[in-house]
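What follows is each chain in one-letter form.
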Amino acid sequence: MSAPVLPDLRSLAAATPRQPGLDPRSKILVLLICSIVVMSPGGLRFVPAVLILAGGLALSARAWRRALGLAATATTMWVLGWLLPLWWPNALVAIVALTCSYLIRFVATVGVGMHLIATTSPTQLAAAFRAWRIPRPISVTLAVMLRFFPVVGAEAAAVLDAMRLRGLAGTTGLVRHPVLTLERFTVPMIAASLRASEDLSASAILRGLGSQHTPTAMHPPRFSSGDLLLMLACAALAVASLVLPAPLT
């Protein structure tokens, strides 16, 4: 009796339909470029372009809440940082305006980074790092971190729900029992973080991230027409930011 023939993983990956979306490498490059440009001296004039790019990425992923939250946050900072000093000039407003003019850079960068986190799985990120020949300790660490923060966020939401049932969450609970509120939130979060790190470590070992052999990606990263459109949009926004007068100065 002949032995069963095992399917070739590479042929199976080629036969499997590729998941739609942008290449993780293009999203990482866009995030790095936007961060460097916005945080550089004189980078405030590039903030509107990066905000438009972040909003477009959120709309392309149909993340309506993220797009509305980004627009509301940027509008609030624009009102506090540029319109409020014109209506009510004083020292306190000047401090608030200076703070908003600095924090709006982080809002623009975080908007682009949230798209990377929301649309990129740890497997896709690890495959992109392998394509770049990045050392395995760095790629595995970043891939685990990408999964760790959403897990901790879900655990924090569960802890807050439990605290609301006991009347310890919110402003009233914090004013009445400040030490008890911090204790009830901190202790479960520490335990949840340790449990999540152990689960993610076990999952990483089962996926072969610590193996000496290079794993085969079911969907290897490839640049597509969407990545080309993203790069062209970034170039167009950069040119417009350099040519047009900066509205935030």
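Please read all numbers here as calculations on a predicted model, not as lab measurements. Within each chain, residues carry numbers counting from 1 in the order of the written sequence. pLDDT decides what is reported in this predicted model: residues at 70 or higher carry local features, side-chain atom pairs at 80 or more are listed and counted, and totals for whole chains, interfaces and linings draw on all residues regardless. Just so you know, side-chain values use all the structure's heavy atoms and leave hydrogens and water out.

Engineer: Is there a simple way to think about helix α3 (residues 47–60) in this case?
Structural biologist: Because the α-helix completes a turn every 3.6 residues, residues three or four places apart line up on one side. Put simply, DSSP marks the helices as runs of H or I at least four residues long and the strands as runs of E at least two long, and each gets a number from the N terminus on. Helix span is expected to be 1.5 Å times the residue number reduced by one. Given a rise of 1.5 Å per residue, 14 residues ought to cover 20 Å, and the 20 Å separating the end C-alpha atoms of α3 matches this to within 8%. When α3 is considered as a whole, its buried residues turn out to be Val 47, Ala 49, Val 50, Leu 51, Leu 53, Ala 54, Gly 55, Leu 57 and Ala 58. In what follows, residue pairs with any heavy atoms lying within 4.5 Å of each other are defined as contacts. Lining the buried residues of α3 we find α2 (24–39), α4 (64–87), α5 (91–119) and α10 (225–243). Once α3 ends, the next one or two residues include Arg 62, with phi positive near 60°. Per-residue accessibility, obtained with a 1.4 Å probe over protein chains only, is compared with the maximum for each type, and a residue is labelled buried under 20%, exposed over 50%, and partly exposed between these values.

Engineer: How should I be thinking about the packing of aromatic side chains in this particular structure?
Structural biologist: Within a pair of aromatic rings, the relevant descriptors are the distance that separates the centres and the angle that separates the planes. Put simply, two rings from Phe, Tyr or Trp (the six-membered ring, in Trp's case) pair if the centres are within 6.5 Å, and we call them stacked under 30 degrees between planes, edge-to-face over 60, tilted for the rest. Overall, the coordinates contain one aromatic pair when judged by the stated rule. Centre to centre, the rings of Tyr 102 and Phe 106 are 5.3 Å apart; their planes meet at 70°, and the pair counts as edge-to-face. With a gap of four residues between them, Tyr 102 and Phe 106 both fall in helix α5, about one helical turn apart. With relative accessibility at 36%, the residue Phe 106 sits in the partly exposed group.

Engineer: How should the pattern of salt bridges be read in this particular structure?
Structural biologist: Side-chain pairs of opposite charge can arise where the charged atoms are in close proximity. When a carboxyl oxygen of Asp or Glu is within 4 Å of a side-chain nitrogen of Lys or Arg, the pair counts as a salt bridge. Tallied over the entire structure, the rule returns three salt bridges. A salt bridge links Arg 25 to Asp 23, with the nearest nitrogen and oxygen atoms 3.1 Å apart. Residues Arg 195 and Glu 155 are paired through a salt bridge, measuring 3.7 Å at the closest nitrogen-oxygen approach. Placement of Arg 195 in helix α9 (residues 178–206) and of Glu 155 in helix α7 (residues 136–165) is noted, with a sequence separation of 40 residues between them.

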